[in-house]
Amino acid sequence: MNKITTIQLDNFLPYMRDVIRCEQSLHELNLMWRMIESSAKMNCPTEAKSILPTMAATRAGFNRLENELVLSLVQEKVATVLNEIDTKAQYVIDILVRNLYERTADVGFLATDNELCEFVAGLSGNDEIIRARLLAYRKKYTVYDEIILLDVDGNVLVHIDEETPIEGSLDPLIKETLISDQYVETYRATDLRPSKNKALIYSKRMQHPHTGEVIGVLCLCFDFIEEMASIFKSHGDPSERSVMLLLDSDNCVIESSDKVWVPVGAIVPVNDDTQSNLKVFSGRKYLVSTFTSDGYQGYMGPKGWQGQVMTPVDIAFTGKETNALKTIDPVVAEGLLSHAQSFCPPLFEVMNAASTIRRVVWNGQVMTAGQSGELMKLKTVLDQISETGTRSNELFAQSINDLYETVLASRLKDSEFVSHLLVDLLDRNLYERSDDCRWWAVTPELRAALALPIIDSKTVTQITNILEYINSLYTVYSRIFVYDNTGCIVASTKPMEDSNSIIGTNIDDITLSQVMSLRTEQQYYVSSFVAATLYSNAPTYIYHAAIMAPNSHSVVGGIGIVFDSSPEFSAMLQGGIAEKESFTAFYINRQGQIISSTDPSRPIGAILEIDADLLALPNGKSTSRIVIHDGHYSILGCSTSNGYREFKVSDGYKEDVIAVVYDLFGEVRSSYSSGNNTASIIDVSMTQSTDPEFATFFIDGGLFAIEAEYVLEALPASEVSRVSIGSGSERVGVLAIQHENEGKTFAWVFDLGYLLSGKLTVVNSNSQVIVIEYQQHKIGLLVGALHSVAQFNESQVTTTPLAVDRDGVLIKKIIKANNGKLLIQAINIKYLLNMLSSPFEPVGQNREVA
């Protein structure tokens, strides 16, 4: 998506009420800082001289942040909507193309069916027998609503849709099919389907079984409307805020998820360059996403077809309240936020801008803390600085959390969409496998051969040739084999396994028992996903159907088709997470056993450790959450299979598969303080102007304080110069300090987090150095994010039990803010300087602090 310009901002902003409120608050605070600065200049310019540069810096920062924050909020909200409709638009066309690819294989195979070819050639059979055979085919491959056999003149020999009788056709597709050695794909109005406005037909010429002469045409009519309704229902927007469309090459609507909203036949604007520009349709502005197919197994789908999703901009950003941050551990949320630069650069930039302004405001509050004398004339100005600084911090925290919430909600939803697609692709693919095994089991030649009392070598060769032909067309199977009613394999493609032939070996007893108990052509049996000898001892599904004697329901054997699960499942996972480099994906069963994986460290058969409630997720449901995965913050998306058409729904087969995706963000960090925690905002309503002031800041997520009278200023940790001299892990470097009267001086910087816990602080973009001065000794303290400068009354400050009558502790006092709900640890400055027992300037002698 292209970046939103200022002009586009005006197009989107009126539809984002929460962003408008944020913009107004920012603008009001900006005006307040301007008023404070102007008031100080006019009323007490001399007294305000020392704080005017700080106030000017604050105002300038607010100007930048006002624009950056609003633009980022709009950018992310638009990106969230576009990511969602991008995914769905791509699913519309990709799922359809994968389905239609199977149809191209079906028509090619069925057009060579010996029984059908003999009938069309006039060698055998009658209308009723052939109609029954076609009906049996349709009963298994329920995606077709009509199957037609025609001669070379377009006369209908037999068809299965008795509600729409047809006798012949003048459609040009017949001639086109007769002269082509490939299948022909046609979508338009046709006299072959007079009851439909348009029909999607796959046709293939048929040849004489003995001479090879072209004798007719087979037409498979795909139940297109029902299939599109299924896709729209499965992947559409339940809130009905968007409409899913299938378009042709002229951008004309072929099918619509809401025909009243966007009717079939309408010409709609498209967005095939994934830009964020608004499109107008019927007088209404839309965000639009349009995708063509990248193809599947070399098949590109009908020429020019496109998937599209449109959502009106006036409702795109409303009614979508999320609570992602409320559902996760605050420590995890803070740690995840530390990786904002990688997963959301605009959020990172806003956080940096807010951190800079927070430091300026914090320094301004520190500078005015406890001032008297001539600066007392500034009392009103200083009070306004303190009050406005607090309001600014609250707004920063809330605004950044809003942006963070938007980003997380988008990624959570995206992971659900991807997992839903993955499990849908699996169900749709395996549906075809259940159809194939049942249809091939009723092949007349196989039924006749298995019914023989003795199967001779000639018959075995005939069976093998049939299986080899099928396997050459259907490459998703690693092996297809046939066995008799004792379970003995009599013929197979690729008969060698580990240098030994599988011919003459037996299938396992459980499978044989299940197959022999099948009583109809519609039934089938699937082995569990376990290591199979017939799949080189790797786990897979093997689909079985009973072969019954001709004109009988007596089971004389069975057919087994070995699904090549390793590459096929892997291709589904890889296709579903294509262009999502941070994603890993899995198929697992209800026990957590991995069926397929894109993670080399978690192979097939291993157990994926996920929460028990996810393993019990109901069929057809999806969910997402933030987890720790392999030491990384990650978003987990999870969906459970729900079947496709009758497969796993009403055909008696039950095998739940769960698709799991992980979207990795970055390594877990033991501590990170962004300063944006709204729960840590201090209530100062009960304090008085004479109460002591403390400068507060974060270390490892905890809130600490130093008496403001000892604090000079805070500087970004990036300004620390590392030095090789000196000793002790606590000493991290030297900081240059610029003062108006003293010029440039230098101070050692010490890691306060290390002094408190023995653990080195990981420096990040929020890290600050607080410069303190005590009895003419000046040092810098490396801390996390800055918090605020606040006053606390005596009742809120208590001495810790261990520190009673003692100075020898680093934390001597605890501040109980917000009615005791927020605890702040106060640093004992005197003890801190003594415990360092090293020079406080780069050059000097050890001194004891009095």
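Quick caveat, the model's predicted, so the values are computed rather than measured.

## Here's the deal with the overall build of the protein chain
Counting its regular elements, the protein chain contains 18 helices and 35 strands. Whereas a compact globule of 850 residues would reach a radius of gyration of roughly 29 Å, the protein chain reaches 37 Å, over 25% beyond that. Taking the principal axes of its C-alpha atoms as reference, the protein chain extends roughly 115 × 65 × 45 Å. Burial statistics for the protein chain: of 850 residues in total, 56% are counted as buried. Considering only contacts in the protein chain between residues 6 or more positions apart, those separated by 24 or more positions represent 64%. Placing the 69 positive and 105 negative side-chain charges of the protein chain at their respective mean positions leaves the two points 5 Å apart.

## Brief notes about the environment of Ser-554
Mapped onto the fold, Ser-554 is located in the loop between β18 (542–548) and β19 (555–563). With residues near it in sequence (within four places) discarded, Ser-554 still touches Ile-547, Met-548 and Ala-549.

## Side note on the sheet that holds strand β11 (residues 477–484)
Read across the open sheet, the five strands follow the order β12-β11-β19-β18-β15; overall the sheet is antiparallel. Bordering the open sheet on either side are β12 (489–492) and β15 (525–526), each of which pairs with just one other strand. Its contacts with the sheet put helix α12 (residues 444–451) on β11, β18 and β19, and the angle it makes with β19 is roughly 130°.

## Let's talk about helix α15 (residues 565–576)
Between its terminal C-alpha atoms α15 stretches 16 Å, which fits the 16 Å expected from 12 residues at 1.5 Å a residue. Buried residues of α15: Ser-565, Glu-568, Phe-569, Met-572, Leu-573 and Gly-576, and no others. Down the axis of α15, the buried side of the element spans an arc of 135°, and every buried residue falls inside it.

## So, the pattern of salt bridges
The tally for this structure, following the rule as stated, stands at 34 salt bridges. The salt bridge partner of Lys-654 is Asp-656, with a shortest N-O separation of 3.4 Å. Connected through shared salt-bridge partners, Asp-145, Glu-146, Asp-161, Arg-193 and Lys-196 make up one network.

## Examining the side chain of Thr-104
Along the polypeptide, Thr-104 turns up in helix α3 (residues 52–110). Note on Thr-104: relative accessible area 11%, which makes it buried.

## Digging into the sheet that holds strand β24 (residues 658–667)
Here we have five strands laid out as an open sheet, ordered β21-β20-β24-β23-β22, and antiparallel in their pairing. Two strands in the sheet have a free side with no partner beyond their single neighbour: β21 (594–597) and β22 (622–629). Ignoring strand direction, the axes of neighbouring strands in this sheet form an average angle of 25°. As defined by bridge partners, strand β20 (residues 583–588) adjoins β21 across three bridges and the pair is classed as antiparallel. Counted as the bridge partner of Ile-588 is Ile-594 from β21. Contacts between helix α8 (residues 330–337) and the sheet are confined to β22, β23 (632–640) and β24, with β23 contributing the most and set at about 110° to the helix.

## Observations concerning the pairing of β22
Sheet topology places β22 next to β23; eight bridges connect them, and they run antiparallel. Paired with Thr-623 across the two strands is Cys-638, which belongs to β23. Counting the residues that bridge the hairpin from β22 to β23 gives two residues, and of these Asp-630 lies at a positive phi of roughly 55°.

## A look at the nonpolar core
Counting residues in hydrophobic clusters, the biggest one holds 161 residues, and the most contacted among them are Leu-149, Leu-347, Trp-440, Tyr-541, Ile-559, Phe-569 and Tyr-587. Of the residues forming this core, the biggest block, 25 residues, is contributed by α3. Phe-697, Trp-748, Tyr-774 and Ile-814 belong to the second largest nonpolar core, which has 32 residues in total.

## Quick word on the layout of surface pockets
Taken as a whole, the second largest pocket holds about 1,300 Å³ of empty space. Contributions of two or more residues to the lining of the second largest pocket are made by α3, β9 (284–292), α9 (340–343), α10 (345–368), α11 (379–441) and α15. Take the lining of the second largest pocket: its biggest share by element is 13 residues, from α3. When its residues are assigned to classes, the lining of the second largest pocket shows 17 nonpolar, 16 polar and 11 charged.

## Structural notes on the environment of Thr-87
With respect to the secondary-structure elements, Thr-87 resides in helix α3. Taking relative accessible area as the criterion, Thr-87 reaches 8% and is therefore assigned buried. Residues Thr-87 and Asp-436 lie 349 residues apart in sequence; the distance between their C-alpha atoms is 31 Å. Those residues in contact with Thr-87 that sit more than four places away from it in its chain are Asp-414 and Phe-417.

## A word on unusual backbone geometry
The phi angle at Ser-499 is positive, at roughly 70°, despite the residue not being glycine. Along the polypeptide, Ser-499 turns up in the loop between β13 (496–497) and β14 (500–501). One non-glycine residue, Arg-645, adopts positive backbone phi at about 55°. Within the element layout of this structure, Arg-645 appears in the loop between β23 and β24.

## Notes on α12
Among all positions in α12, only Leu-446, Arg-447, Ala-449 and Leu-450 are buried. Buried residues of α12, seen end-on, are gathered within an arc of 170° and therefore sit on one face of the element.

## Some thoughts on the packing of aromatic side chains
Counting across every chain of the model gives 27 aromatic pairs. Here the aromatic rings of Tyr-137 and Trp-439 are separated by 4.7 Å at their centres, their planes lie at 85°, and the arrangement is edge-to-face. Residue Tyr-137 is found in helix α5 (residues 127–140), and its partner Trp-439 is found in helix α11; the two are separated by 302 residues along the sequence. Both residues of the pair, Tyr-137 and Trp-439, count as buried. Ring centres of Phe-697 and Phe-704 lie 6.5 Å apart, and the angle between their planes is 15°; on these two criteria the pair is classed as stacked.

## Let's talk about the packing of helix α2 (residues 17–43) against α3
Axis separation between α2 and α3 bottoms out at 10 Å; the angle between their running directions is 170°. The orientation of α2 relative to α3 falls into the category roughly antiparallel. Classifying every residue of the contact of α2 with α3 gives 16 nonpolar, four polar and eight charged.

## Some words on the environment of Leu-425
Note that Leu-425 resides in helix α11. The buried category is assigned to Leu-425, whose relative accessible area is 8%. What Leu-425 contacts, discounting residues up to four positions off in sequence, is Ile-95, Arg-98 and Met-572.

## Structural notes on the packing of α3 against helix α7 (residues 224–235)
Close contact between α3 and α7 brings their axes to 11 Å; oriented N to C, the two are set at 140°. It follows that α3 is oblique to α7 by the angle criterion. The way α3 lies across α7 gives a crossing that is right-handed. Within the contact between the two elements, α3 uses Lys-88, Tyr-91, Val-92, Ile-95, Leu-96 and Asn-99 and α7 uses Phe-224, Glu-227, Met-228, Ile-231, Phe-232 and His-235. Among the residues forming the contact of α3 with α7, the class breakdown is eight nonpolar, two polar and two charged.

## Quick look at the confidence of the model for the protein chain
Detailed conclusions should not be drawn from predicted coordinates in areas where pLDDT is low. Taken as a whole, the protein chain shows an average pLDDT of 87; of its residues, 91% reach a score of 70 or greater. Note that pLDDT drops below 50 for residues 838–850; the model gives that stretch 39 contacts with residues more than four away or on any other chain.

Each value, and the rule that gives it
Residues numbered from 1 in each chain as written. Predicted model: local features only at pLDDT ≥ 70, side-chain atom pairs only at ≥ 80, totals over all residues. Heavy atoms only, no water. Helix = DSSP H or I, 4+ residues; strand = E, 2+ residues; numbered from the N terminus. Rg over C-alpha atoms; globule rule 2.2 N^0.38 Å. Buried < 20%, exposed > 50% of the residue type's maximum accessible area, 1.4 Å probe, protein only. Contact = heavy atoms within 4.5 Å. Lys, Arg positive; Asp, Glu negative; His and termini not counted. Charge placed at Lys NZ, Arg CZ, Asp CG, Glu CD. Pairing = 2+ DSSP bridges. Axes fitted to C-alpha atoms, helices over the stretch in contact; angles between N-to-C directions. Expected span 1.5 Å × (residues − 1). Arc of directions from axis to C-beta. Salt bridge = Lys/Arg side-chain N within 4 Å of Asp/Glu carboxyl O. Core = buried A, V, L, I, M, F, W, Y, C linked by side-chain atoms within 4.5 Å. 1 Å grid on protein atoms, 1.4 Å probe; cavity = no way out; pocket = protein on both sides within 12 Å on 5 of 7 lines; lining within 4 Å. Points joined across faces, edges and corners; volume = space filled by probe spheres on them. Nonpolar A, V, L, I, M, F, W, Y, C, P; charged D, E, K, R; others polar. Phe/Tyr/Trp six-rings, centres within 6.5 Å; stacked < 30°, edge-to-face > 60°. Parallel < 35°, antiparallel > 145°, perpendicular 65-115°, else oblique. Left-handed = near helix turned anticlockwise from the far one by under 90°. pLDDT = per-residue confidence, 0-100.

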